[in-house]
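Chain by chain, the residues run as shown.
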Amino acid sequence: MRITQGCFSFLPDLTDEQISRQVQYCLENGWAVNIEFTDDPHPRNNFWEMWGLPMFDLRDAAGVMMELNQCRKVYGDRYIRLSAFDSSHGWESVRLSFIVNRPKEEPGFRLERHEVAGRNIRYTTKSYAADRPEGRRYG
Amino acid sequence: MDMDTADMTDTVNLREELEAVGIEEILTQLDRELIGLAPVKTRIREIASLLLIERIRKRLNLTSEVPTLHMSFTGNPGTGKTTVALRIASILHRLGFVRRGQVVSVTRDELVGQYIGHTAPKTKEVLKKAMGGVLFIDEAYYLHRPDNERDYGQEAIEILLQVMESQREDLVVILAGYGDRMDKFFASNPGFRSRIAHHIDFPDYSEPELLAIAELMLGDMNYKFSADAREAFIRYIALRKTQPLFSNARSIRNALDRMRLRQANRLVADLDRVLTADDIMSLEASDVLASRVFLKDRSTVRSAEQARDR
């Protein structure tokens, strides 16, 4: 099951050229682009790990692409996303975030139903991949 | 464009090309604003012409290689290396050889870390900021410390070399430093020498050039020499040049700053006087002659004593 989180996730995967153009758009808006990765892509998982430090004061997307390629070399079997942080007053939050790398196979999620008191049902989504230990979830 | 369309009958109007990129403007500005430096200007014109032709060749599909543009600027302090680097960046930007045209100026401190594992992220951060522009490394020979083999400078050098080679289209590196020490640096790091296409040597300024620089600087600040002061300053330059630690245009700028200080002091000393704009603008001979340089001239023995006492 293809995971759809952030921008562009209903489109075919972006090519490097397209990623680079998006990054350049972010930089021209003065946003700092960060690289994050995870192997637990649950939609409620807000805490992806960061690759390196946030990249402030960049002028050209080539710098971000350099880091992204290095991140792919190490964590190419996981989800990697770019997020663009706007530090200007009043925003101080992420303005754009999109997935730039995903595992070859995405096993998807199962829906668990808990029957609780009064025949109510509570739903939980669980990633099939997350059953395995960290670092061995994909491939 | 493929080879069929770019047949040999395609004509190119060089003048139009030149005007389209607008580097002529930068080159004439360079001629006007930088005094002396004739060999440097010639080299820059040559490089600009080469790049213009390279650009046309690329459009006609005659070449696909990105030319190596890394440079090294050698010369004594204050000969205009940083200023020229800024101009080079805008020339490269106009010609489309760098995408953004910013200049990131760094020294050893910004590249080399303090402890193990600190250097690589630091160097990479600088490189990322310089992507799409020019990385200007001032006093680059400090990166290499031959007396300490565990120095982290070597790590920075390796990362630099790798990026200089693999991302030639993203970044231009300019190394700058004093001539003899840069020679030693290149001798111990042959990788750098071979990756640098243009070695440009900045000559020292002659005395009339230094005077012209001084007058240009004063003009920018809306000051001027009186006739006497100009005479005195000519003598000042001749004396200052013979003294140690002379750093060309930078020394001149510092001397001018001190003279402005003395002028202000002189004007404030006489509060009852009514000043004209001309008084406030002009530096007098006394402002120049009060310099320590002349003191040493009058009596070398006395200055030696003073140096000891100080």
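Rules used in this analysis
Residues numbered from 1 in each chain as written. Chains lettered and ligands numbered in written order. Predicted model: local features only at pLDDT ≥ 70, side-chain atom pairs only at ≥ 80, totals over all residues. Heavy atoms only, no water. Pairing = 2+ DSSP bridges. Helix = DSSP H or I, 4+ residues; strand = E, 2+ residues; numbered from the N terminus. Axes fitted to C-alpha atoms, helices over the stretch in contact; angles between N-to-C directions. Contact = heavy atoms within 4.5 Å. Buried area = accessible area lost by both parts, 1.4 Å probe. Salt bridge = Lys/Arg side-chain N within 4 Å of Asp/Glu carboxyl O. Polar contact = N/O pair within 3.5 Å; in protein donor to acceptor, adjacent residues only side chain to side chain. Nonpolar A, V, L, I, M, F, W, Y, C, P; charged D, E, K, R; others polar. Domains from an automatic or database assignment. 1 Å grid on protein atoms, 1.4 Å probe; cavity = no way out; pocket = protein on both sides within 12 Å on 5 of 7 lines; lining within 4 Å. Points joined across faces, edges and corners; volume = space filled by probe spheres on them. Buried < 20%, exposed > 50% of the residue type's maximum accessible area, 1.4 Å probe, protein only. Phe/Tyr/Trp six-rings, centres within 6.5 Å; stacked < 30°, edge-to-face > 60°. Lys NZ or Arg CZ within 6 Å of the ring centre and 35° of its normal. Arc of directions from axis to C-beta.

Student: So what exactly am I meant to see when it comes to the sheet that holds strand β5 (residues 198-202) of chain B here?
Tutor: Whenever strands of a sheet pair, they do so through backbone hydrogen bonds, lying parallel or antiparallel. All names here are of chain B. In spatial order, the strands read β2-β3-β4-β1-β5; together these five strands make up an open sheet with parallel pairing. Only two strands of the sheet have a single partner each, and these edge strands are β2 (103-106) and β5. Mean inter-strand twist for the sheet, computed between neighbouring axes without regard to direction, equals 20 degrees. Note that strand β1 (residues 71-75) and strand β4 (residues 172-177) share four bridges and pair parallel. Looking at β4, one finds that T74 is bridged to G177. Where helix α8 (residues 179-188) meets the sheet, it contacts β1, β4 and β5, and its direction lies at approximately 125 degrees from that of β4.

Student: I tried to follow the interface of chain B and chain A on my own but got confused; where do I start?
Tutor: Frequently, the measure chosen for interface size is the accessible area removed from exposure when the parts meet. Taken together, the contact pairs 11 residues of chain B with 13 residues of chain A. Regarding the contact of chain B and chain A, the summed buried area is about 1100 Å², with carbon and sulfur atoms giving 55% of it. Together, R100(B), K128(B) and K129(B) form the three largest contributors to the area buried by chain B at its contact with chain A, with a combined 54%. For the pair chain B and chain A, the interface holds four salt bridges. With its nearest N and O atoms 2.5 Å apart, the salt bridge here joins R99(B) to D60(A). Inspection of the chain B/chain A interface yields four residue pairs in polar contact (both at pLDDT 80 or more). Among the elements that take part in the side of chain B that touches chain A, helix α6 (residues 119-130) of chain B stands out by supplying three residues, more than any other. Of the residues assigned to the side of chain B that touches chain A, the class counts are two nonpolar, three polar and six charged.

Student: In this structure, what is going on with the domain arrangement of chain B? I would like to understand it.
Tutor: All names here are of chain B. For chain B, the assigned domains read domain 1 (68-202) and domain 2 (207-302). Relative placement of domain 1 and domain 2: their C-alpha centres are 36 Å apart. Taken together, the contacts link four residues of domain 1 with four residues of domain 2. Overall, the association of domain 1 and domain 2 removes approximately 300 Å² of surface from exposure, summing both partners, and the carbon and sulfur fraction of that is 48%. For domain 1, the biggest contributors to the area lost against domain 2 are P77, G78 and T79; these three give 91% of the whole. The tally of links between domain 1 and domain 2 comes to zero salt bridges. Applying the counting criterion to the domain 1 and domain 2 interface returns two residue pairs in polar contact (both at pLDDT 80 or more). Class assignment for the residues of the side of domain 1 that touches domain 2 results in one nonpolar, three polar and no charged.

Student: Would you explain empty space enclosed by the protein in this entry?
Tutor: Under the counting rule described, the total for this entry stands at four cavities of 30 Å³ or more. In this structure, the largest cavity occupies an estimated 60 Å³ of space. For the largest cavity, the full set of lining residues is R2(A), C7(A), F8(A), S9(A), L11(A), P12(A), D13(A), L14(A), I99(A) and R102(A). Considering only residue class, the lining of the largest cavity consists of six nonpolar, one polar and three charged. Around the second largest cavity, the lining residues are I44(B), I47(B), A48(B), L51(B), M71(B), I88(B), I91(B) and L92(B). Of all the elements in the fold, those that place two or more residues in the lining of the second largest cavity are α3 (38-59) and α4 (81-95) of chain B. Element by element, the count of residues in the lining of the second largest cavity is highest for α3(B), at four residues. Here the residues of the lining of the second largest cavity sort into eight nonpolar, no polar and no charged.

Student: In this structure, what is going on with the pairing of β5(B)? I would like to understand it.
Tutor: In summary, the side chains of a regular strand alternate between the two faces of the sheet. Residue and element names in this part refer to chain B. Burial along β5 is one-sided: H198, I200 and F202 are buried, and none of H199 and D201, which face the opposite way, are. Direction of pairing for β1 relative to β5: parallel, over a ladder of five bridges. Paired with S72 across the bridge in β5 is H199.

Student: Where do I start with the packing of aromatic side chains in this structure?
Tutor: Where two aromatic rings form a pair, the distance of their centres and the angle of their planes describe that pair. Across all of its chains, the model carries 13 aromatic pairs over all chains by this definition. Seen from their ring centres, Y141(B) and Y142(B) are 5.1 Å apart, and the 55 degrees between their planes marks the pair as tilted. Relative to F186(B), the ring of F185(B) has its centre 5.8 Å away and its plane inclined at 55 degrees; by these criteria the two rings are tilted. Pair check on accessibility: F185(B) and F186(B) agree, each one buried. When the ring centre of W48(A) is taken as reference, the NZ or CZ atom of R81(A) above it lies at 4.1 Å. For R95(A), the ring lying beneath its charged end belongs to W91(A), and the centroid distance is 3.5 Å.

Student: Any chance you could explain the sheet that holds strand β2 (residues 49-50) of chain A here in plain terms?
Tutor: All names here are of chain A. A sheet is described by the order of its strands in space; here four strands give the open sequence β2-β1-β3-β4, paired in antiparallel fashion. Because the sheet does not close on itself, it has two edges, and the strands there are β2 and β4 (93-101). Across two bridges, strand β1 (residues 32-38) lies against β2 in antiparallel orientation. Of the residues in β2, the one forming a bridge with F37 is E49. Helix-sheet contacts for helix α1 (residues 16-28) involve β1, β3 (79-86) and β4, and the interaxial angle to β4 is about 170 degrees. Along the sheet, helix α2 (residues 61-75) makes contact with β1, β3 and β4, crossing β1 at roughly 5 degrees.

Student: Looking at this model, I keep getting lost on helix α2 (residues 23-33) of chain B. Mind explaining?
Tutor: An α-helical turn contains 3.6 residues, so a residue and the one three or four places further along point in the same direction. All names here are of chain B. Listing the buried residues of α2 in full gives I23, I26, L27 and L30. Along α2, the residues classed as buried sweep out an arc of 100 degrees about the axis, all on the same side. Facing away from the buried side of α2 by over 90 degrees, the exposed positions are E25 and R32. Here the buried face of α2 lies against α1 (14-21), α3 and α4.

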